[in-house]
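Topology and contacts: notes
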Amino acid sequence: MQTTFVIETSGPGLYEFTREIANWVTGTGLCTLFIRHTSASLLIQENADPEVQTDLAAFFHRLVPPSTDPKMHYLTHTYEGPDDMPAHIKAALLPVSLQIPVSDGVLALGTWQGIYLFEHRNAPHRRQVTAHLG
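Here's a quick rundown of the structure. (Residues numbered from 1 in each chain as written. Predicted model: local features only at pLDDT ≥ 70, side-chain atom pairs only at ≥ 80, totals over all residues. Heavy atoms only, no water.)

What follows covers helix H3 (residues 84-93). Turning to H3, its buried residues are Asp-84, Pro-86, Ala-87, Lys-90 and Ala-91. Take H3 and look down its axis: the buried residues cluster within an arc of 160 degrees, on one side only. Opposite the buried face of H3, at more than 90 degrees from it, the exposed residues are Ala-92 and Leu-93. Looking at the packing, one finds that the buried side of H3 touches strand E4 (40-46) and helix H2 (50-63). (Buried < 20%, exposed > 50% of the residue type's maximum accessible area, 1.4 Å probe, protein only. Helix = DSSP H or I, 4+ residues; strand = E, 2+ residues; numbered from the N terminus. Arc of directions from axis to C-beta. Contact = heavy atoms within 4.5 Å.)

The next point concerns the sheet that holds strand E2 (residues 13-16). With antiparallel pairing, the three strands of this open sheet are ordered in space as E2-E7-E4. Sheet topology places E2 and E4 at the edges, where each strand pairs with a single neighbour. Each strand axis lies, on average, 35 degrees off the axis of its neighbour in the sheet, ignoring direction. (Pairing = 2+ DSSP bridges. Axes fitted to C-alpha atoms, helices over the stretch in contact; angles between N-to-C directions.)

Here it is as structure tokens:
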């Protein structure tokens, strides 16, 4: 069973879509999620305290700042904007696919775990995540 989820983003940050996946899965198997973009990532992360998402976004912004930052002077892929190459770097560091067991139609996530799309670009995007349940 396979489908594609579209997640609308409005700039950098984590966008939870656990509920959408939970409503889609059935039976028992393995749910694989794959983001079809090179400037965003997927994460399983705490969903109880929104400060976790804020802190993660701040950490990765500090780790890989925009190409206008003097520390990033070596970047050559800059014609798509100062956030583009840093977004590709973040996507190379973070997962672009996830695997989650499904038992009797329920995602086998921990109590505080949620599924997130991590948007690395400044502009709004319509991100596609392909889901496969096998």
